[in-house]
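Chain by chain, the residues:
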Amino acid sequence: MSESYFRTEKRIEKIKWVVSKRQPSLHVVFENIHDPHNVSAIFRTCDAAGVPKVSLVYNVEKFPKIGKKSGKKSSASAYKWIERSKYKSVEECYSQLKIEKFVIYASSLNANTKSLYDLDFTKKSAIVFGNEHRGLTKEAEDLADERFYIPMFGMVQSLNVSVSAAITIYEALRQRSLDGLYEKSEMMPKELKKMIDEWAKK
C-alpha cells in the first residue's frame, strides 16, 4: 500500500490532534498482568487518555500475546499507538522512572493506604497495576512513592484489573483536564513532527 494512502488530509489532521493531546508525563506500568484481554483493555484506556508509553514488568508470568498476535482488531489498533518498554525486574523499571522524575503510584489491595481521590496526577505520574489474582508484589508496593486503593462499598471488595486501571487513568485524565494539561502539548515542535511522521506510516 502506498505511503500516500496513509497521508490523507483527514487522517493527518486527526493524527496531529491526537498527538498534541499525548501526555508524556503520565505513564502506566503493568506488573505480571497475564490475561491478554485485560492487557488489551488497559492499552485501549491508555490510548483514550493520551498515555503515550507504558512499562511492562514480567518476571513471573510470560509476556501476554497482545496486538496483532491477539487477533483482536480493536486491541491491535490501540496497541500500535503506544510505546512499550520491557523490564525483568521492578527495581530496574522503577530506577528508570525515578531517573525520569516520575512519582510512582502503586495500586494496592490494602484499604489502609491513600484513597485514589487523594492523589495528585497533575504532576509527573507513573501508575502501577499488578496481577489479576495476586495484585502487586510487595517489592512493587514498597519501592513506590505512594500506595493507593480505589474506594469500594460492596460485599465483594475487588475489581477487575482493567476496570481498576480505567477508573484510575480516567481520574488522572479528569484532574489533568481541569488543570488544562490537554490544551497545550508537552512536546517540543520537533518531537511533535517526528511523532506525526511516524504515526502517518502506521
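For the structure given in this document, a descriptive report is provided here. Positions within a chain are numbered from 1, following the residues in the order the chain's sequence is written. Where local features are concerned, this predicted model is filtered to residues with pLDDT of at least 70; where side-chain atom pairs are given and counted, the filter is 80 or more; whole-chain, interface and lining totals use all residues. Only hydrogens and water are set aside when side-chain values are computed; all heavy atoms of the structure are taken into account.

## With respect to the packing of aromatic side chains
Here comes step 1: Ring pairs are drawn from Phe, Tyr and Trp, using the six-membered ring of Trp, whenever the two centres fall within 6.5 Å, and their geometry is named by plane angle: stacked under 30 degrees, edge-to-face over 60, tilted for the rest. Across all of its chains, the model carries four aromatic pairs by this definition.
Here comes step 2: With a centroid separation of 5.2 Å and an interplanar angle of 75°, the aromatic rings of Tyr105 and Phe121 are classed as edge-to-face. Placement of the pair is Tyr105 in strand 4 (residues 103-107) and Phe121 in the loop between strand 5 (114-115) and strand 6 (125-129), with a sequence separation of 16 residues. The same class applies to Tyr105 and to Phe121, which are both buried.
Here comes step 3: Members of the aromatic cluster, connected to one another through ring pairs, are Phe30, Phe43 and Tyr79.
Here comes step 4: Both a distance and an angle decide whether a charge sits over a ring: NZ of Lys or CZ of Arg must be within 6 Å of the ring centre and within 35 degrees of the ring normal. Seen from the ring of Tyr79, Arg84 lies directly overhead, with NZ or CZ sitting 3.9 Å from the centre.
Here comes step 5: Above the plane of the ring of Phe102 lies Lys124, whose end atom (NZ or CZ) is 4.9 Å from the centre. Helix and strand assignments come from DSSP, with helices taken as H or I runs of at least 4 residues and strands as E runs of at least 2, each series counted from the N terminus. Summary of the burial criterion: residues with accessible area below 20% of their type's maximum are buried, those above 50% are exposed, and those between are partly exposed, where the area comes from a 1.4 Å probe applied to protein chains only.

## Points about the packing of helix 2 (residues 9-21) against helix 8 (residues 189-200)
Here comes step 1: To obtain an axis, a line is fitted to C-alpha atoms, over the contacting stretch when the element is a helix, and the angle between two such axes runs from 0 to 180 degrees between their N-to-C directions. Where helix 2 contacts helix 8, the axes come no closer than 10 Å and their chain directions differ by 135°. In terms of axis orientation, helix 2 runs oblique to helix 8. For the pair helix 2 and helix 8, the crossing hand works out as right-handed. On the side of helix 2, the interface is formed by Arg11, Ile12, Ile15, Lys16, Val18, Val19 and Ser20, while helix 8 contributes Leu192, Met195, Ile196, Trp199 and Ala200.
Here comes step 2: In this count, Pro and Cys sit with the nonpolar residues alongside Ala, Val, Leu, Ile, Met, Phe, Trp and Tyr, while Asp, Glu, Lys and Arg are called charged and the others, Gly among them, polar. Residue classes in the contact of helix 2 with helix 8 are distributed as nine nonpolar, one polar and two charged. For classification purposes, angles smaller than 35 degrees are called roughly parallel, those larger than 145 roughly antiparallel, those between 65 and 115 roughly perpendicular, and all remaining angles oblique. Left-handed describes a crossing whose near helix is turned anticlockwise from the far helix through less than a right angle; right-handed describes the clockwise counterpart. Contact definition: two residues touch when any of their heavy atoms are within 4.5 Å.

## A few points about the pattern of salt bridges
Here comes step 1: Salt bridge, as used here, is a side-chain nitrogen of Lys or Arg placed within 4 Å of a carboxyl oxygen of Asp or Glu. Evaluated as defined, the whole model comprises ten salt bridges.
Here comes step 2: Its salt-bridge partner being Asp197, residue Lys193 comes within 3.0 Å of it at the nearest N-O pair. Residue Lys193 and its partner Asp197 are both found in helix 8; the two are separated by four residues, about one turn of the helix.
Here comes step 3: Under the relative-accessibility criterion, Lys193 is labelled exposed at 53%.
Here comes step 4: Under the relative-accessibility criterion, Asp197 is labelled partly exposed at 24%.

## Some details on the packing of helix 3 (residues 36-49) against helix 7 (residues 161-178)
Here comes step 1: Across the interface, helix 3 lies against helix 7 with an axial gap of 9 Å and an inter-helix angle of 10°. Classified by the interaxial angle, the pair formed by helix 3 and helix 7 is roughly parallel. For the pair formed by helix 3 and helix 7, the contact residues are Asn38, Ala41, Ile42, Thr45, Cys46, Ala48 and Ala49 on the first element and Val161, Ser162, Ala165, Ala166, Ile169, Tyr170 and Leu173 on the second.
Here comes step 2: Of the residues belonging to the contact of helix 3 with helix 7, the class tally is eleven nonpolar, three polar and no charged.

## Observations regarding the pairing of strand 6
Here comes step 1: Within strand 6, five of the five residues are buried, which leaves the element mostly enclosed by the surrounding structure.
Here comes step 2: Both faces of strand 6 are covered, namely the face carrying Ser125, Ile127 and Phe129 and the face carrying Ala126 and Val128.
Here comes step 3: For two strands to count as paired, DSSP must find a minimum of two bridges between them. Where strand 1 (residues 26-31) lies against strand 6, five bridges are found, and the strand directions are parallel. In the sheet register, Phe30 faces strand 6, and the bridge partner there is Phe129.
Here comes step 4: Bridge analysis of strand 4 against strand 6 gives four bridges, and the strand direction is parallel.

## As for empty space enclosed by the protein
Here comes step 1: Using a grid of 1 Å spacing that covers the protein atoms alone, one calls a set of points a cavity when a 1.4 Å probe fits there but cannot get out, and a pocket when the set is open and has protein on both sides within 12 Å along at least five of seven lines; lining residues are those with an atom within 4 Å of a point. Grid points are joined across faces, edges and corners, and a volume is the space filled by probe spheres set on the points. Applying the stated rule across the entire model yields one cavity of 30 Å³ or more.
Here comes step 2: The wall of the largest cavity is formed by His27, Lys53, Ser55, Ser85, Tyr87, Gln96, Leu97 and Glu100.
Here comes step 3: Elements with a contribution of two residues or more to the lining of the largest cavity: strand 2 (53-57), strand 3 (83-87) and helix 5 (90-99).
Here comes step 4: Classifying every residue of the lining of the largest cavity by side-chain character gives two nonpolar, four polar and two charged.

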